Amino acid sequence: MFRKILIANRGEIAVRILRACRELGIRSAAVFSEVDRKSLHVRLADEAYPIGPAPSRESYLCIDKLMDVARRAGCDAVHPGYGFLAENAALPRACTDAGLTFIGPPADAMESLGAKTAGRQLARRVDVPTVPGTNDPIEKLAEAQSLAHSMGYPVLLKAVAGGGGKGMRVVDGDAEFESAFRDASSEAMNAFGDDRLYLEKYLDRPHHVEIQIFADAHGRVVSLGERECSVQRRHQKVIEEAPSPIITPDLRKKMGDAAVRLARAGGYVNAGTVEFLVDANLNFYFLEVNTRLQVEHPVTEQVTGLDLVKLQIAIAAGHRLPFAWESITPRGHAMEVRLYAEDPDNNFFPSPGKIISRQVPSGPGVRLDDGVYEGWTVPNDYDPLLGKLIAWGNSREETIARLRRALEEYTVTGIKTNVGLFRRILVEPDFLRGEMHTRWLDELLRRPRSAASPADQNQTGNSPSDAAAIAAAIWQASQWDRHACLSCSSADQPSRWKLEGRRAQLDRLP
Ligand code: ADP
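Remember, it's a predicted structure, so these values are computed and weren't measured experimentally.

S.K.: Is there a simple way to think about the pairing of strand E12 (residues 270–278) in this case?
M.R.: Consecutive side chains of a regular strand alternate in pointing toward one face of the sheet and then the other. The element E12 is extensively covered by neighbouring structure, given that nine of its nine residues are classed as buried. Taken together, the nine bridges between strand E9 (residues 207–215) and E12 define a ladder with antiparallel strand orientation. Each bridged residue has a counterpart across the sheet, and for Ala215 the counterpart in E12 is Asn270. Across six bridges, the pairing between E12 and strand E13 (residues 284–290) is antiparallel. Looking at the pairing, Val278 lines up with Phe284 of E13.

Structure, rendered in structure tokens:
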């Protein structure tokens, strides 16, 4: 096992990783830019090293500086978190050159699966359905336009190097194709230094459903089930949950098999996510592979009982995935909201500043993964994600009721946050029925709010639907076999012997 891990990140994900290190008895070395000197990840790490000024190009994105710290601190592994360099193959290559273990996939697998058009090509080769469109970057604008015309509008122009919704434009007709192309490619150039675009059919109100995969270095690849991420604002996830309200056991198996096939074909190792869009007829289409830990990994942790960061570390250290994990099925339901320092009344503009006071939720089924504290100043220089609030319950209804209760307990003063947005979403009838799609939230936000909207009412009063949720939760709890933590897939009834065996396997993990 590793002695000391360099955490090449900041904020809540750096805190999440160093907590895993602490539990495993591994020392953690944090890095920080000038504005992050007093950040929570610096306070909690065993050691912390400055790496330059606030702009990430001069600090968190400098591979040379990170390698220098790793050498000086005597680290033997590097965890990239998500964002920054997490999907840049130059980091695993630099780690290999420096004799360090990269906690993530090999550089080649990152390139063959992570680049959007390369991922599409590989998916087609292994019979994973893709959204109709081009599999190579567009070379001639006229050819792309005529393909768009024959596929039928709307279409979506997307950046080959894309991420975070940047370099993406919906095109509704021939007339706007050329200007959308120019806008998208210059945005892609600014964001990624790469202006290449490709084209996809713009699906009508799909669900975004993704599969968490894990692969070890000994040839075993498993699916840990799906996450539903359809509640999005401008194509960016806002709420995630597991399991998905629309996925049947049969579809879960098909999507899981497709994801595993793709990971195998790409020589993948460690944690990854295969993203799909699912249409109204439950057809699924490959979107992209994220070759790293996802922001929303806690919902999978809550329903599987696994610690994905510890598992990443174990796989990077050469451990095998225990066989039984292939048959894990989700237990209960988990949901996450992304808490941002932003102002919903001002077009969700970032709201950095000093956190004057803060009260955080707790109690049954509530988890808060954040990277802030009272008195700390949220800097202007990075993504203003404060953290993630996650609820777990026996049923989707109980989970939503818990999340609402937790959001009522959560207060922050000094900065604006998007908490009010979740209070609004979590009482919407479509949401409660699980009938959201990727444009649902944008459509909701365009609708004027009525004065008597349920979210405006006293949040502490229980409505009839709350009462139903409570009754359902009590019934479910009474049915619950408290030993049935992990259960077998399909119709196979788990015996106590098998369950205890599996628990022992989990216990043996580092
Ligand atoms: P990025 O990597 O920039 O986040 P993705 O390819 O992951 O981009 O897509 C982000 C979101 O954009 C998806 O979850 C979905 O809401 C929307 N989207 C992407 N491609 C399509 C498509 N072909 N049709 C409809 N919506 C799409």
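Next comes the rest of the write-up.
S.K.: How should the packing of helix H7 (residues 141–151) against helix H8 (residues 177–192) be read in this particular structure?
M.R.: To describe two helices that pack against each other, one gives the angle between their axes and the distance between the axes. At a minimum axis distance of 11 Å, the contact between H7 and H8 shows a crossing angle of 120°. Considered as vectors, H7 and H8 are oriented oblique to each other. Considering only the axes of H7 and H8, their crossing is right-handed. For the pair H7 and H8, contact is made by Leu141, Ala144, Gln145 and Ala148 and by Phe177, Glu178 and Phe181, respectively.

S.K.: Would you explain the site of the ligand in this entry?
M.R.: Contacts to the ligand come from 21 residues, most closely from Lys116, Gly165, His208, Gln232 and Glu288. One nitrogen or oxygen atom from the main chain of Gly163 is found 3.4 Å from an oxygen atom belonging to the ligand. Measuring from a nitrogen atom of the ligand, one finds a side-chain N or O atom of Glu200 at 2.8 Å. Expressed as a share of its isolated accessible area of 550 Å², the protein-covered part of the ligand is 96%. Breaking the shell around the ligand down by element, the ones donating at least two residues are strand E6 (155–159), strand E8 (197–201), E12 and E13. A per-class count over the shell around the ligand returns seven nonpolar, eight polar and six charged. Here the shell around the ligand spans two domains, since at least three of its residues come from each of domain 2 (105–131 + 205–331) and domain 3 (133–201).

S.K.: Help me out: how do you make sense of the sheet that holds strand E1 (residues 4–7) in this one?
M.R.: Whenever strands of a sheet pair, they do so through backbone hydrogen bonds, lying parallel or antiparallel. Taken together, five strands build an open sheet; the order of strands is E3-E2-E1-E4-E5 and the sheet is parallel. Looking at strand neighbours, the two that pair on one side only are strand E3 (47–50) and strand E5 (101–102), the edges of this open sheet.

S.K.: What should I look at first to understand the environment of Leu91 in this one?
M.R.: Among the secondary structure elements, Leu91 is positioned in helix H4 (residues 90–97). Classification of Leu91 by relative accessible area gives buried; the value is 0%. In this structure, Leu91 is in contact with Ile63, Met67, Pro80, Leu85 and Phe102, ignoring residues within four places of it in sequence.

Analysis parameters
For every chain, the first residue of its written sequence is number 1, and the numbers climb from 1 along that sequence. Restriction of local features to residues with pLDDT of at least 70 applies here, the model being predicted, together with a cutoff of 80 or more for giving and counting side-chain atom pairs; totals for whole chains, interfaces and linings are based on all residues. As a convention, hydrogens and water are excluded, and side-chain values are obtained from all of the structure's heavy atoms. Think of it in three bands: residues with accessible area under 20% of the maximum for their type are buried, residues over 50% are exposed, and the middle band is partly exposed, with areas taken using a 1.4 Å probe on protein chains only. What counts as a helix is a DSSP run of H or I of at least four residues, what counts as a strand is a run of E of at least two, and both are numbered from the N terminus. Paired strands, as defined in this entry, are two strands with at least two bridges between them according to DSSP. Think of each axis as a best-fit line through the C-alpha atoms, taken over the contacting stretch in the case of a helix, with angles from 0 to 180 degrees between the N-to-C directions. Roughly parallel refers to an angle under 35 degrees, roughly antiparallel to one over 145, roughly perpendicular to one between 65 and 115, and oblique to any angle outside these ranges. Crossings are assigned a handedness: left-handed for a near helix turned anticlockwise from the far helix by less than a right angle, right-handed for a clockwise turn. Contacts were defined at the residue level, with two residues in contact if any of their heavy atoms lie within 4.5 Å. Nearness here has a simple test: a residue counts as near a molecule or strand if at least one of its heavy atoms is within 4 Å of that partner. What qualifies as a polar contact is a pair of N or O atoms within 3.5 Å, subject to a donor-acceptor requirement within protein and to the restriction that residues adjacent in sequence count only when both atoms come from side chains. Computed by Shrake-Rupley with a 1.4 Å probe, the accessible areas treat only the displayed protein chains as cover when residues are assessed. For this scheme, ten residues count as nonpolar: Ala, Val, Leu, Ile, Met, Phe, Trp, Tyr, Cys and Pro. Four count as charged, namely Asp, Glu, Lys and Arg, and the remainder, Gly too, count as polar. Each domain's limits were defined by an automated method or a database of domain assignments.

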